[in-house]
2 protein chains.
Amino acid sequence: MRGVGIAGPDALTQLFTRSALAADGLFMPNAAIHDWLEQRRRDNDFEVTGVPFSELTGWRFEPGTGDLRHVSGRFFAIQGLRVRTEIAAWSQPIINQPEIGLLGIVTKEYGGVLYFLMQAKMEPGYANLLQLAPTVQATRSNGAAVHGGRKPHYLELFTSQEHVLVDSLQSEHGAWCLRKRNRNVVVHIPGHVPERDGFCWLTLGQILRQLRNDDVVNMNARSVLSCIPVASGHNASANGAGCAGLCTTGRSVRRILHWLADFRSRKELVQEIIPCDRVEQWRRLPDEIVHVERRRFTVRGVRVEAASREIGHWTQPLLCPVDAGLAALVICRAVGETRLLMQGRVEAGTIDVAELAPTVQCVPGGDEGPPPRYLGWVLAASAERIRYDAVQSEEGGRFYHARSRYMILEADEEFAAQPPDDYIWVTFGAATELTGLGYHLNVQARTLIAALRSILA
Amino acid sequence: MRGVGIAGPDALTQLFTRSALAADGLFMPNAAIHDWLEQRRRDNDFEVTGVPFSELTGWRFEPGTGDLRHVSGRFFAIQGLRVRTEIAAWSQPIINQPEIGLLGIVTKEYGGVLYFLMQAKMEPGYANLLQLAPTVQATRSNGAAVHGGRKPHYLELFTSQEHVLVDSLQSEHGAWCLRKRNRNVVVHIPGHVPERDGFCWLTLGQILRQLRNDDVVNMNARSVLSCIPVASGHNASANGAGCAGLCTTGRSVRRILHWLADFRSRKELVQEIIPCDRVEQWRRLPDEIVHVERRRFTVRGVRVEAASREIGHWTQPLLCPVDAGLAALVICRAVGETRLLMQGRVEAGTIDVAELAPTVQCVPGGDEGPPPRYLGWVLAASAERIRYDAVQSEEGGRFYHARSRYMILEADEEFAAQPPDDYIWVTFGAATELTGLGYHLNVQARTLIAALRSILA
């Protein structure tokens, strides 16, 4: 890690902070972003059509198990999962993709400001078909060009050990994927980086501003943004930059790691892969895998025709949630620091029993059982408490029209002063530091960390 | 985390450092430890006898799979695992124990020195039957008294959120266990803690001194010791204590996390549980599960009769390696810091593809293929390079007579100046910090981190 990488945590966060404060950019002014995305959307003849499973090319139901797999054995499979926690047991279909994907953003410095190379990325699952994505989204399979397509652009810039600003492994949706994870990386390239068609250079401030809109910044970009370190001034007492701030944060991080280790060992999560055919209460129909009461999600096949993807057209299964989700983070500002109320959350496919999740995470109306704690408070909150409120898409390469409403609400200082079991107050600085370590904040919480930056920037 | 816990990282490491420097203790002088352990060994009528599987009580081979399970569904199971990495594919029997165990040490301060409450613990797998263990070794199952025994002593001291000095999740042997992990905890109890029969108070210095001997400090204790933070002075430049030292270490930690994330995403590890009966090249005989060429390990049944355990007698399966292992760490001292040459290592049951492992980790003579890199150098090293050389037992509750030779060897500064792919130099300070984060150093590497402390103390 030479160049910028060696500059140390303070210089690194300063570099990011300067970029976050750059509210507009030289290469693609804010005023042009919307039109550019629209233009990309029009230029690319991109159509997604539902097809029965029999029309999926290269995908088949494995005899004996009913698992839906690609004939290459690569990409992902729809399998069955039997889950046991200390309070419940169930089985469900789940996406199993054991390989680690790469979500990478290339940055370069121009005029003292860090620019991020973002991609206008088509994905079949987005309701609006195209969103701002990291420079590279690659699985091992398409990195190695297994499906016969071409290698993703810029992938070669991530093979160097140098100039890495951010690098951590992060989880995906535990409700839908079995221990799925991605490497989230930001690299700094000192030399010339060509700007290819469909890519543009934006400051961190520009991207965060876009994040205030619905459905513009894709889930992978939000995840990578959440891993970017924040200046200590954001979290410690007003003049807390530098060592004192780091130490305060360090102690806070240790306290949360302890809390989470305790939570993980008190809870139980036993995951057992079973044949998809043997998942109770789910049926395979010609065009969907579905719960008998149409709960949670279905699995369907789509045909995709696109000009801008690594290959021009393909078919694949997608997971389609029956309802939109809600992820709400309650924050509180006291003594110059922002604190976040988070919960420990166990989901079917969670990598290590539990991760920190938003204050409220649910499918309003869709979940069984009583409404989750604080949902009533969130839905009844007056407008002046709402700091962030936008609908964002989840991953568009595996999920179809999976959207969630993300909210940040500010509570009074006395709110949940003694949080109930399974909830903990976390400073913003500690939360971002934990995010950087990987596998501690779930994907919804990471979107909200990025959203919180967008309103603090 | 109040009391000592809130004192911050510096006060915390000072507390541990003072205890490490206390070469003898007030409660159990060094001279008495050996006799005390011998006395405990004699006092406890403890016998381990091999029995055919048919004589295991409460264990049975599941019809249809041949998995060896406890009738309660708890404890652990012997299942089959099919493994695929980017260079090899194989299947093998494996221990599957999805719950997180607790390895906890209670400490108290006396005369300004921290004392550790250690247990003389009988385990059926130890060749010498009894070793120094953490205060508590508990699975969820015996924590909840599932097998009808009594709860482990002192377990209640670990339920508080306060006074926690160390707390992280750590992996076990990836070659033998599927994603097995334990919570490693050190708590500080300000009030009176009764010293029960079979327990004694030792300083960290005393325990580290015992670690220089063969087969005294058990694997779980070594793992917990490896998580204890070290003073920055140990690793940064001479006057590196405090902030500058922390920042140097912080940068070093980030560099290694990046290296490991890259390694994990470049390598591949696909783990699929299969019926034990369908593991290729392995056979189930009446008294063992064995490789057709008697490679690697066998699984056998034992009957245990003991007075000191939670219950007086029981039967269980144990995994018996065919040969002793070797784990050697090459270190180098330069410019006032100690650096460790580590490798990224993928094993069948590794939690997240790979962890950092010792420079050499193998079963000399037992492994297939060419000898591992640096093995020749280690075995040919002259006596003055050898800083540590002791035989230690692996976990005695799952493995039978599983022993490894642990070595630390000092190389010249120019040794592996440009380490080959898959190897990395790590400062001692960064290695201990990474250990504290959990899941980054494998269990053999952690024993060597503890061993390194024993020779630096």
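Residues numbered from 1 in each chain as written. Chains lettered and ligands numbered in written order. Predicted model: local features only at pLDDT ≥ 70, side-chain atom pairs only at ≥ 80, totals over all residues. Heavy atoms only, no water.

Enquirer: Break down the overall build of chain A for me, with residues and values.
Expert: Within chain A, the regular secondary structure consists of nine helices and 25 strands. Rg of the C-alpha trace for chain A: 22 Å, near the compact-globule value of 23 Å for 457 residues, within the 12% margin. Considering chain A as a whole, with its 457 residues, one finds that 61% of them fall into the buried category. Counting only contacts in chain A whose residues sit at least 6 apart along the sequence, the fraction spanning at least 24 positions is 72%. Looking at chain A, you have 49 positive and 50 negative side-chain charges, and the mean spots of the two groups are 3 Å apart. (Helix = DSSP H or I, 4+ residues; strand = E, 2+ residues; numbered from the N terminus. Rg over C-alpha atoms; globule rule 2.2 N^0.38 Å. Buried < 20%, exposed > 50% of the residue type's maximum accessible area, 1.4 Å probe, protein only. Contact = heavy atoms within 4.5 Å. Lys, Arg positive; Asp, Glu negative; His and termini not counted. Charge placed at Lys NZ, Arg CZ, Asp CG, Glu CD.)

Enquirer: Outline the domain arrangement of chain A, supporting the account with residue identities and numerical values.
Expert: Residues and elements named next belong to chain A. By the assigned domains, chain A splits into domain 1 (9–45 + 99–231), domain 2 (47–97 + 271–319) and domain 3 (234–268 + 322–456). Just the C-alpha atoms count here: the centres of domain 1 and domain 3 sit 23 Å apart. Contacts between the two partners involve 42 residues from domain 1 and, on the opposite side, 43 residues from domain 3. Summed over both partners, the interface of domain 1 with domain 3 buries about 3,700 Å², with 53% contributed by carbon and sulfur atoms. Along the contact surface separating domain 1 from domain 3 lie two salt bridges. Summed over the shared surface of domain 1 and domain 3, the result is 25 residue pairs in polar contact (both at pLDDT 80 or more). Contributions of two or more residues to the side of domain 1 that touches domain 3 are made by strand E10 (164–171), strand E11 (177–178), helix H4 (204–211) and helix H5 (219–226). For the side of domain 1 that touches domain 3, the element with the highest residue contribution is H5, accounting for six residues. (Domains from an automatic or database assignment. Buried area = accessible area lost by both parts, 1.4 Å probe. Salt bridge = Lys/Arg side-chain N within 4 Å of Asp/Glu carboxyl O. Polar contact = N/O pair within 3.5 Å; in protein donor to acceptor, adjacent residues only side chain to side chain.)

Enquirer: So what's going on with empty space enclosed by the protein? Residues and values would help.
Expert: Any space left empty among the atoms is revealed by the rolling of a water-sized probe across them. Under the counting rule described, the total for this entry stands at six cavities of 30 Å³ or more. Approximately 420 Å³ is the volume attributed to the largest cavity. Lining the largest cavity are 29 residues, and of these Gly438(A), Tyr439(A), Gly438(B), Tyr439(B) and His440(B) sit closest to its centre. Put simply, the parts of the chain that give the lining of the largest cavity at least two residues each are E10, helix H6 (243–266) and helix H8 (428–437) of chain A together with strand E10 (164–171), helix H6 (243–266) and helix H8 (428–437) of chain B. (1 Å grid on protein atoms, 1.4 Å probe; cavity = no way out; pocket = protein on both sides within 12 Å on 5 of 7 lines; lining within 4 Å. Points joined across faces, edges and corners; volume = space filled by probe spheres on them.)

Enquirer: Tell me about the packing of aromatic side chains, and name the residues and values.
Expert: All names here are of chain A. Overall, the coordinates contain 24 aromatic pairs over all chains when judged by the stated rule. Between the aromatic rings of phenylalanine 27 and tyrosine 115, the centroid separation amounts to 4.8 Å while the plane-to-plane angle is 85 degrees, which identifies the pairing as edge-to-face. Taken together, the residues span a long stretch of sequence, with phenylalanine 27 in the loop between helix H1 (8–21) and helix H2 (30–43) and tyrosine 115 in strand E7 (residues 113–122) at a distance of 88 residues. When its relative accessible area of 32% is taken as the criterion, phenylalanine 27 is described as partly exposed. Three or more aromatic residues joined by ring pairs form one cluster here, namely Tyr374, Trp377, Phe415 and Tyr423. Over the aromatic face of phenylalanine 61 sits the side chain of arginine 284, whose NZ or CZ is 3.7 Å from the ring centroid. Looking at arginine 339, its charged tip hangs above the ring of tryptophan 425, at a distance of 4.7 Å from the centre. (Phe/Tyr/Trp six-rings, centres within 6.5 Å; stacked < 30°, edge-to-face > 60°. Lys NZ or Arg CZ within 6 Å of the ring centre and 35° of its normal.)

Enquirer: If you had to explain the pattern of salt bridges to someone new, which residues and values would you point to?
Expert: Opposite charge on two side chains allows them to pair when their charged atoms are near. Residue and element names in this part refer to chain A. For the structure shown, the criterion picks out 52 salt bridges over all chains. Notably, a salt bridge pairs arginine 84 with glutamate 268, separated by 3.4 Å at the nearest N-O pair. Of this pair, arginine 84 sits in strand E4 (residues 77–85) while glutamate 268 sits in the loop between H6 and strand E14 (269–274), and the two are 184 residues apart along the sequence. Owing to a relative accessible area of 32%, arginine 84 belongs among the partly exposed residues under this scheme.

Enquirer: Describe the pairing of strand E13 (residues 199–203) of chain A, with residues and values.
Expert: Within E13(A), five of the five residues are buried, leaving the element largely enclosed by the surrounding structure. Along E13(A), one buried face is formed by Phe199(A), Trp201(A) and Thr203(A) and the opposite face, lined by Cys200(A) and Leu202(A), is buried too.

Enquirer: A description of the packing of H5(A) against helix H9 (residues 443–456) of chain A should follow, citing residues and the corresponding values.
Expert: Axis angle and axis distance: for two packed helices, these are the angle between their axes and the distance between the axes, and together they describe the pair. Residue and element names in this part refer to chain A. Across the interface, H5 lies against H9 with an axial gap of 8 Å and an inter-helix angle of 70 degrees. Looking at the two axes, H5 sits roughly perpendicular to H9. Crossing handedness for the pair H5 and H9: left-handed. Across the interface between the two elements, Met219, Arg222, Ser223, Leu225 and Ser226 of H5 pack against Val443, Arg446, Thr447, Ile449, Ala450 and Arg453 of H9. Broken down by class, the residue content of the contact of H5 with H9 amounts to five nonpolar, three polar and three charged. (Axes fitted to C-alpha atoms, helices over the stretch in contact; angles between N-to-C directions. Parallel < 35°, antiparallel > 145°, perpendicular 65-115°, else oblique. Left-handed = near helix turned anticlockwise from the far one by under 90°. Nonpolar A, V, L, I, M, F, W, Y, C, P; charged D, E, K, R; others polar.)

Enquirer: Can you tell me about the side chain of Gln210(A), naming the residues and giving the values?
Expert: Residues and elements named next belong to chain A. As for its placement among the helices and strands, glutamine 210 is situated in helix H4. Accessibility expressed as a relative area gives 9% for glutamine 210, which makes it buried. Ignoring any residue separated from it by four or fewer positions in sequence, one finds glutamine 210 in contact with Ile33, Leu132, Val216 and Val217.

Enquirer: Requested: an account of the environment of Glu384(A), with residues and values cited.
Expert: Position of Glu384(A) relative to the elements: it lies in the loop between helix H7 (375–380) and strand E23 (386–393). Considering only alpha carbons, one finds Glu384(A) and Glu410(A), 26 residues apart in sequence, at a separation of 8.5 Å.

Enquirer: Go over unusual backbone geometry with me, naming the residues and quoting the values.
Expert: Most peptide bonds are trans, and most residues other than glycine sit at a negative phi. The backbone of Asp215(A) sits at a positive phi, close to 55 degrees, despite the residue not being glycine. On the accessibility criterion, Asp215(A) (8% relative accessible area) is buried. One non-glycine residue, Leu129(B), adopts positive backbone phi at about 70 degrees. Looking at the secondary structure, you find Leu129(B) in the loop between strand E7 (113–122) and strand E8 (130–133).

Enquirer: Break down helix H2 (residues 30–43) of chain B for me, with residues and values.
Expert: Residue pairs three or four apart in sequence face the same way in an α-helix, which turns once every 3.6 residues. Residue and element names in this part refer to chain B. Helix length check: H2 (14 residues) gives 20 Å between terminal C-alpha atoms against 20 Å at 1.5 Å per residue, within 8%. Residues Asn30, Ile33, Trp36, Leu37 and Arg40 constitute the buried set of H2. Down the axis of H2, the smallest arc covering the buried residues is 100 degrees, so these residues share one side. Facing away from the buried side of H2, by more than 90 degrees, are the exposed residues Ala31, His34, Asp35 and Arg42. As for H2, its buried residues are in contact with E7, E8, strand E13 (199–203) and helix H4 (204–210). (Expected span 1.5 Å × (residues − 1). Arc of directions from axis to C-beta.)

Enquirer: Describe the packing of H4(A) against H9(A), and please don't skip the residues or the numbers.
Expert: Residues and elements named next belong to chain A. Here H4 crosses H9 at 110 degrees, and the two axes come no closer than 8 Å. When the axes of H4 and H9 are compared, the pair comes out roughly perpendicular. Residue-level contacts link Leu204, Leu208 and Leu211 of H4 to Ala450, Ala451, Arg453 and Ser454 of H9.

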